[in-house]
Amino acid sequence: MLEGEPALTAGPRAGDRLPDAAIEVDGHPAYMQEAVIRNGLTLLLCGDPRAWDSTSLHELRRRYGALVATCNLSTDGADGSWRDVNGDAYLRLGVRDAAQYLVRPDGYIAFRSAGRTFHALDRYLAEWYLAAV
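Residues numbered from 1 in each chain as written. Predicted model: local features only at pLDDT ≥ 70, side-chain atom pairs only at ≥ 80, totals over all residues. Heavy atoms only, no water.

Draft legend 1. How the structure looks around the nonpolar core. Among the nonpolar cores identified, the biggest contains 22 residues, and Met32, Leu44, Leu73 and Leu93 are the most heavily contacted of them. Contributing elements (two or more residues each) for this core: strand 2 (22-25), helix 1 (32-36), strand 4 (41-46), strand 5 (68-74), helix 3 (88-93), strand 7 (99-103) and strand 8 (109-114). Ignoring sequence-local partners within four residues, the contact set of Leu44 consists of Met32, Val36, Cys71, Leu73, Trp82, Leu93, Ala99, Gln100 and Tyr101. With 17 residues, the next largest nonpolar core counts Leu102, Phe111, Tyr124 and Leu125 among its residues. (Core = buried A, V, L, I, M, F, W, Y, C linked by side-chain atoms within 4.5 Å. Buried < 20%, exposed > 50% of the residue type's maximum accessible area, 1.4 Å probe, protein only. Helix = DSSP H or I, 4+ residues; strand = E, 2+ residues; numbered from the N terminus. Contact = heavy atoms within 4.5 Å.)

Okay, structure coming up:
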C-alpha cells in the first residue's frame, strides 16, 4: 500500500477500506462500494474527466490491461462519469480538485494520490504487478 505524491491531506489512507456513499451510475442510484469493487483492481479517478491526461491514462490501460478497470467520479456526471449526487463521496474521500484511488477486490485502498498525473501510480503498479505487455 502506498501514499502517492502529491499527497491527499484528507480522506481514507492507503490500507483503509474505501468508504461508501450514494452515487449515480448511468443515471441510476448506486453505492460507491458496489460500483467500484470487482475481481481485479479499480482505479477510481475523482475530478472532471476532461481534465485527466488521456495519453497517460491510455498508456496505463495498455500496460495493465484487464488487471485495472478505470472509472471516473465527478460532481456533474460529465462525459459518462459517475456522479457524486450530494458531494458526500468527495467529502468522504477527501477530494478537493482531483484524486486517484486504486481499490483492491476486497474493498481496501492499495494506492491513493492527489493530482492528475500517473507517475506514482505507474511506479506502484510496476513494483507489484506485471504489465500486460
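Draft legend 2. Quick look at the side chain of Thr42. When you line up the elements, Thr42 lands in strand 4. Of the residues examined, Thr42 reaches a relative accessible area of 3% and is grouped as buried. Within polar-contact distance, the side chain of Thr42 engages the backbone oxygen of Val36 at 2.7 Å. Setting aside its immediate chain neighbours within four residues, Thr42 contacts Val36, Ala69, Cys71, Tyr101, Leu102 and Val103. (Polar contact = N/O pair within 3.5 Å; in protein donor to acceptor, adjacent residues only side chain to side chain.)

Draft legend 3. Just the packing of aromatic side chains, in detail. For the structure shown, the criterion picks out two aromatic pairs. Their ring planes at 20° and their centres at 5.6 Å tell us that Trp52 and Phe118 sit as a pair that is stacked. With Trp52 in the loop between strand 4 and helix 2 (54-64) and Phe118 in the loop between strand 8 and helix 4 (119-128), the pair connects residues that are 66 residues apart, well separated along the chain. The pair Trp52 / Phe118 is uniform in exposure class, with both members buried. Ring geometry for Phe111 and Tyr124: centres 5.8 Å apart, planes at 35°, overall tilted. With a gap of 13 residues between them, Phe111 in strand 8 and Tyr124 in helix 4 connect regions that are remote in the sequence. Of the two residues examined, Phe111 and Tyr124, each falls in the buried class. (Phe/Tyr/Trp six-rings, centres within 6.5 Å; stacked < 30°, edge-to-face > 60°.)

Draft legend 4. Geometry of the pairing of strand 4. With six of its six residues buried, strand 4 lies for the most part within the structure. Going residue by residue along strand 4, you find Leu41, Leu43 and Leu45 tucked away on one face and Thr42, Leu44 and Cys46 tucked away on the opposite face as well. Sheet analysis places strand 4 next to strand 5, joined by six bridges and oriented parallel. Bridge pairing links Leu41 to Val68 in strand 5. For the crossover from strand 4 across helix 2 to strand 5, the handedness is right-handed. Bridge count between strand 4 and strand 7: five bridges; the pairing is antiparallel. Considered in strand 7, the bridge of Leu45 is made with Gln100. (Pairing = 2+ DSSP bridges. Right-handed = clockwise from strand over helix to strand, strands pointing away.)

Draft legend 5. Geometry of unusual backbone geometry. A cis geometry characterises the amide bond from Glu5 onward to Pro6, with omega recorded as 0°. With respect to the helices, strands and loops of the structure, Pro6 is situated in the loop between strand 1 (2-3) and strand 2. Here the phi dihedral of Asp26 falls at roughly 55°; this positive angle occurs in a residue that is not glycine. With respect to the secondary-structure elements, Asp26 resides in the loop between strand 2 and strand 3 (28-31). According to the relative accessible area criterion, Asp26 is exposed, its value standing at 65%. One non-glycine residue with positive phi stands out, namely Asp79, at about 50°. Turning to its location among the elements, Asp79 is positioned in the loop between strand 5 and strand 6 (82-83).

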